[in-house]
Amino acid sequence: MSQHRAAGNRVTPSNSAARKTGASRHSAKHRVARRNTPGSTQIVGLTAALAAAAGAVGFSHSSLASPTQANSAVNIAALSGSSQLSEVTTARIERRQLATRDSSRVELTSTEATKKQAAADRLSKARAAKLDATRALTAKRASALAAAKAAAAAAEKKARESASRCEMMISDYRITATFGQGGSRWAANHTGTDFAAPIGTPIRSVMKGEVIFADWAGPYGRQVKVRHDNGTETWYNHMSKFSVEVGETVYAGDQVGAVGVTGNTTGPHLHFEVHPDGGPAVNPMPWLREVCGLNP
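Everything quoted here is computed from the prediction, not taken from an experiment.

Participant: Could you clarify how one ought to interpret the nonpolar core in this entry?
Facilitator: Within soluble globular proteins, side chains that are nonpolar tend to cluster in buried spots. Counting 26 residues, the largest nonpolar core has Met-169, Phe-195, Val-206, Val-224, Tyr-236, Leu-270 and Phe-272 as the members making the most contacts within it. Ignoring anything within four residues of it in the chain, the contact list for Phe-272 reads Met-169, Gly-192, Thr-193, Phe-195, Val-206, Thr-234, Trp-235, Tyr-236, Pro-284 and Leu-288.

Participant: Just to check I follow, could you spell out unusual backbone geometry for this structure?
Facilitator: Negative phi is the rule for most residues except glycine; trans is the rule for most peptide bonds. The residue Asp-172 is not glycine, and still its phi comes out positive at about 55°. For Asp-172, the location among the structural elements is in the loop between helix H5 (87-160) and strand E1 (174-177). Classification of Asp-172 as exposed rests on a relative accessible area of 71%. Backbone geometry places His-238, a non-glycine residue, at a positive phi of 65°. The residue His-238 is located in strand E6 (residues 233-242) in this model.

Participant: I'm lost on the pattern of salt bridges in this one. Help?
Facilitator: Any two side chains of opposite charge can pair, on the condition that their charged atoms come close. On inspection of all chains with the given rule, the structure shows 3 salt bridges. Taking the shortest distance from any N to any O, the salt bridge between Glu-167 and Arg-165 comes out at 2.7 Å. On the basis of relative accessibility, which here comes to 29%, the residue Glu-167 falls in the partly exposed class. Note that Arg-227 and Glu-233 form a salt bridge whose closest N and O atoms lie 3.9 Å from each other. Using a relative accessible area of 11% as the deciding quantity, one classes Glu-233 as buried.

Participant: In this structure, what is going on with the state of the cysteines? I would like to understand it.
Facilitator: Joining two cysteines, a disulfide is a covalent bond between their sulfur atoms. Scanning all chains against the criterion turns up 1 disulfide. A sulfur-sulfur distance of 2.5 Å marks the disulfide that ties Cys-166 to Cys-292. The S-S bond linking Cys-166 to Cys-292 shows a torsion near -60°; that makes this disulfide left-handed. One end of the pair, Cys-166, is in the loop between H5 and E1; the other, Cys-292, is in the segment after helix H6 (284-290), with 126 residues separating them in the sequence.

Participant: Sorry, what's going on with the packing of aromatic side chains here?
Facilitator: Each aromatic ring pair is specified by the distance between its two centres and by the angle formed by the two planes. Under the defined criterion, the tally for this structure stands at 3 aromatic pairs. Consider the rings of Tyr-236 and Phe-272, whose centres lie 5.5 Å apart with planes at 50°: the pair is tilted. In this pair, Tyr-236 is assigned in strand E6 and Phe-272 in strand E9 (residues 269-275), connecting sequence segments 36 residues apart. For the residue pair Tyr-236 and Phe-272, the accessibility class agrees, reading buried in each case. The ring of Phe-213 carries the charged tip of Lys-225 above its face, separated from the ring centre by 5.5 Å.

Participant: Would you mind showing me how to read H5 here?
Facilitator: Given 3.6 residues per helical turn, the α-helix brings residues three or four places apart onto the same face. Taking 1.5 Å of rise per residue, 74 residues should cover 110 Å, and H5 covers 107 Å from first to last C-alpha, within 8% of that figure. What H5 keeps buried is the set Thr-89, Ile-93, Gln-97 and Thr-100.

Participant: I'm lost on the pairing of strand E2 (residues 193-196) in this one. Help?
Facilitator: Regular strands place their side chains on alternate faces of the sheet. Side chains Thr-193 and Phe-195 project from E2 onto one buried face, and the interleaved Asp-194 and Ala-196 project onto a second face that is buried too. Sheet topology note: the E1/E2 ladder contains 3 bridges and is antiparallel. When the bridges of E2 are listed, Ile-175 appears paired with Phe-195. Sheet topology places E2 next to E9; 4 bridges connect them, and they run antiparallel. Across the sheet, Phe-195 pairs through a bridge with Leu-270, a residue of E9.

Participant: Sorry, what's going on with the confidence of the model for the chain here?
Facilitator: The predicted coordinates ought not to be read in detail in places where the model reports low pLDDT. For the chain, the mean per-residue pLDDT works out to 79, and 70% of the residues sit at or above 70. Scored below 50 in pLDDT, residues 40-44 shows 1 contact in the model against residues more than four places distant or in partner chains. Note that pLDDT drops below 50 for residues 53-65; the model gives that stretch 19 contacts with residues more than four away or on any other chain.

Participant: Explain the side chain of Glu-273 here, please?
Facilitator: Tracing the chain through its elements places Glu-273 in strand E9. Buried charge Glu-273 goes without a salt bridge, the closest partner of opposite sign being Lys-225 at 8.1 Å. Here the side chain of Glu-273 touches His-275 through a polar contact of 2.8 Å, side chain to side chain. Discounting chain neighbours no more than four positions away, the residues touching Glu-273 are Thr-191, Gly-192, Tyr-220, Glu-233, Thr-234, Trp-235 and Ala-281.

Parameters at a glance
Residues numbered from 1 in each chain as written. Predicted model: local features only at pLDDT ≥ 70, side-chain atom pairs only at ≥ 80, totals over all residues. Heavy atoms only, no water. Core = buried A, V, L, I, M, F, W, Y, C linked by side-chain atoms within 4.5 Å. Buried < 20%, exposed > 50% of the residue type's maximum accessible area, 1.4 Å probe, protein only. Contact = heavy atoms within 4.5 Å. Helix = DSSP H or I, 4+ residues; strand = E, 2+ residues; numbered from the N terminus. Salt bridge = Lys/Arg side-chain N within 4 Å of Asp/Glu carboxyl O. Disulfide = S-S within 2.5 Å. Phe/Tyr/Trp six-rings, centres within 6.5 Å; stacked < 30°, edge-to-face > 60°. Lys NZ or Arg CZ within 6 Å of the ring centre and 35° of its normal. Expected span 1.5 Å × (residues − 1). Pairing = 2+ DSSP bridges. pLDDT = per-residue confidence, 0-100. Lys, Arg positive; Asp, Glu negative; His and termini not counted. Polar contact = N/O pair within 3.5 Å; in protein donor to acceptor, adjacent residues only side chain to side chain.

Printed below as a string of structure tokens:
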């Protein structure tokens, strides 16, 4: 029996090798198991890192609306075990912070651009309204001016064509002979009033009327006769030229001829006569004052 036990405990080369192989395997397994078995500290740190990473990844754009909120998230994650945060997680948070800041800048820029555009639109509308008002005012003033001119022209035309309006026959004159005056220059008493003026001085119709004569008249020289609406005739004599024709309508102040020395005369002058209803001549001076309101 002792022999058997001894035989059983005898170490043979094959048994020795087998034991060494088994021991080696057991030692390797133990070392692998020991390496793969996490310690309590590693488990806690890894759990915190995963939780922080999950929380960081779970932050939405709306929850990190500002850099301050994003920084707060980083601080919370740091309190939960920031030493275990991976570089990837930190980079993601930083990217989200940058994206949030960029988004805020874009929104701010867009808002400022909208405000500037709105202000520009208001200014443009105000300028357009002011321009329209100026144009309307200019058009109104132009219309009023045109109406005033038209009214003035109509009034002037009405006054000019008025049968009762009178104007002096001549200007820059001096009276050299009066009505009824006698002397060797006339065959009878003087039948009109003489208004001396330089040759060529315009002679005008005293009132509105129709030209009934424009021709040579012997001692009167070149003569124009005008019949007025009340039937009175006025005669213009000794003229150097005619400015009207028979049948023509003239108004007060219209030129009928010019001062001359034609006919029986000793110097350039207008011999003016007045014949009520075409009858005998009357003194022109009272007629001019009473009928025409003139003061020659």
